[in-house]
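Now for the letters of each chain:
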Amino acid sequence: MSTTETLFTRTDSALGEFSIRPLDPFADAELLHGWVTHPKASFWMMQDASLPDVEREYMRITAHEHHQAFIGLHEGRPAFLMESYDPSRLELVGLYEAQPGDIGMHFLVAPTETPLTGFTRAVITTVMASLFADPATERVVVEPDVRNTAVHALNEAVGFVPDGPVQKPEKEALLSFCTRAQFEAATGITQGASI
């Protein structure tokens, strides 16, 4: 896959164009290393990762049959990391009752010296719109750390409903779900976006 291939594009009325492309574990490793080891990325749990660690982790993800990673761009510049996975096979196996059409999601906004109002919400909206652009996706499943109150508020803003805490090996997580209808009701976005 080419790092110039655009998989999804959405225009935010206030902040402009957001797009998503495949992640290249080699070409993107240095960029990702700066993001995942930044103090603001503490919940990503890669604070002490070396550059080779990041390369290896994203080589593993991009080679995995049930896990994908993407770079999100804002106005053509890398601005966020997105992962999708099959929660019936990874992350949440045995911790909840999986349904057909479930997809798991993680996202990380790149650190910046000049934050834009509404940017993180525009990112999660883009991530969710890209997942629901696939007609096979019925529900998005997330499992952020129970202590990550900022992401809980963002999740709620795009339609997620908490189900309750689950204990994962690395953290206590707040299992939350968002159906297509809940996303559309929360954001006013209906599918028909370009993919």
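Placed above this text is the structure.
What you see is a predicted model; the values in this text were computed from it and never measured.

Cut-offs and rules
- Residues numbered from 1 in each chain as written.
- Predicted model: local features only at pLDDT ≥ 70, side-chain atom pairs only at ≥ 80, totals over all residues.
- Heavy atoms only, no water.
- Buried < 20%, exposed > 50% of the residue type's maximum accessible area, 1.4 Å probe, protein only.
- Helix = DSSP H or I, 4+ residues; strand = E, 2+ residues; numbered from the N terminus.
- Contact = heavy atoms within 4.5 Å.
- Core = buried A, V, L, I, M, F, W, Y, C linked by side-chain atoms within 4.5 Å.
- Expected span 1.5 Å × (residues − 1).
- Arc of directions from axis to C-beta.
- Salt bridge = Lys/Arg side-chain N within 4 Å of Asp/Glu carboxyl O.
- Pairing = 2+ DSSP bridges.
- Axes fitted to C-alpha atoms, helices over the stretch in contact; angles between N-to-C directions.
- Polar contact = N/O pair within 3.5 Å; in protein donor to acceptor, adjacent residues only side chain to side chain.

Draft legend 1. Layout of helix α4 (residues 149-157). Those residues of α4 that sit buried are Val-151, His-152, Leu-154, Asn-155 and Ala-157. Residues of α4 that are buried sit in contact with β5 (102-109), α3 (119-132), β6 (139-142), β8 (172-179) and α5 (180-187). Positive phi shows up at Gly-159, right after α4, with a value of about 110°.

Draft legend 2. Region of the structure containing the nonpolar core. With 30 residues, the main nonpolar core has Met-105, Phe-107, Val-127, Met-128, Val-140, Phe-160 and Phe-183 as its most contacted residues. Counting residues per element, this core draws most heavily on α3, which supplies nine residues. Setting aside residues up to four positions removed in sequence, Met-105 forms contacts with Glu-83, Tyr-85, Ile-124, Val-127, Met-128, Leu-131, Val-140, Val-141, Val-142 and Phe-160. In this structure, Leu-32, Met-46, Tyr-58 and Ala-110 belong to the second largest nonpolar core, which totals 16 residues.

Draft legend 3. Highlighting helix α2 (residues 51-63). Across its 13 residues, α2 extends 18 Å between first and last C-alpha, which sits within 8% of the 18 Å expected from 1.5 Å per residue. Among the residues of α2, Val-54, Tyr-58 and Ile-61 are the ones counted as buried. The buried residues of α2 occupy an angular sector of 55° when projected down its axis, which confines them to one face. Seen from the open side of α2, the exposed residues pointing more than 90 degrees away from its buried face are Arg-56 and Ala-63. Where α2 is buried, its residues touch α1 (29-36), β3 (67-74) and β4 (77-85).

Draft legend 4. Spotlight on the pattern of salt bridges. Evaluation of the coordinates by the stated rule reveals 11 salt bridges. The residue Asp-53 makes a salt bridge to Arg-56 at a minimum N-O spacing of 2.7 Å. Residue Asp-53 and its partner Arg-56 are located together in helix α2, separated by three residues, close to a single helical turn. Across the salt bridge formed by Lys-168 and Glu-91, the nearest N and O atoms sit 2.3 Å from each other. One end of the pair, Lys-168, is in the loop between β7 (161-167) and β8; the other, Glu-91, is in the loop between β4 and β5, and 77 residues separate them in sequence. A residue is classified by how much of its surface remains accessible, and Lys-168, at 3% relative accessible area, is buried. Its relative accessible area of 30% is what places Glu-91 among the partly exposed residues. Salt bridges here are not isolated pairs; linked through shared partners, they connect Glu-91, Glu-143, Lys-168, Glu-170 and Lys-171.

Draft legend 5. Structural view of the sheet that holds β6. Overall, mixed pairing links the eight strands, which are arranged β1-β2-β3-β4-β5-β6-β8-β7 in an open sheet. Among the strands making up the open sheet, the edge pair consists of β1 (8-12) and β7. Strand-to-strand twist of the sheet, defined as the mean angle between neighbouring strand axes without regard to direction, takes the value 30°. Taken strand by strand, α2 contacts β3 and β4, and its axis lies near 110° from that of β3. The sheet contacts of α3 involve β1, β2 (16-22), β3, β4, β5, β6 and β8, and relative to β5 the element is tilted by about 150°.

Draft legend 6. Fine view of the side chain of His-152. Looking at where His-152 falls in the secondary structure, it is placed in helix α4. For His-152, a relative accessible area of 17% gives the class buried. For His-152, the side chain forms a polar contact with the main-chain oxygen of Asp-145, separated by 3.1 Å. Within the structure, His-152 has its side chain in polar contact with the backbone oxygen of Val-146 (distance 3.1 Å). Aside from chain neighbours lying at most four places away, what touches His-152 is Pro-144, Asp-145, Val-146, Arg-147 and Leu-174.

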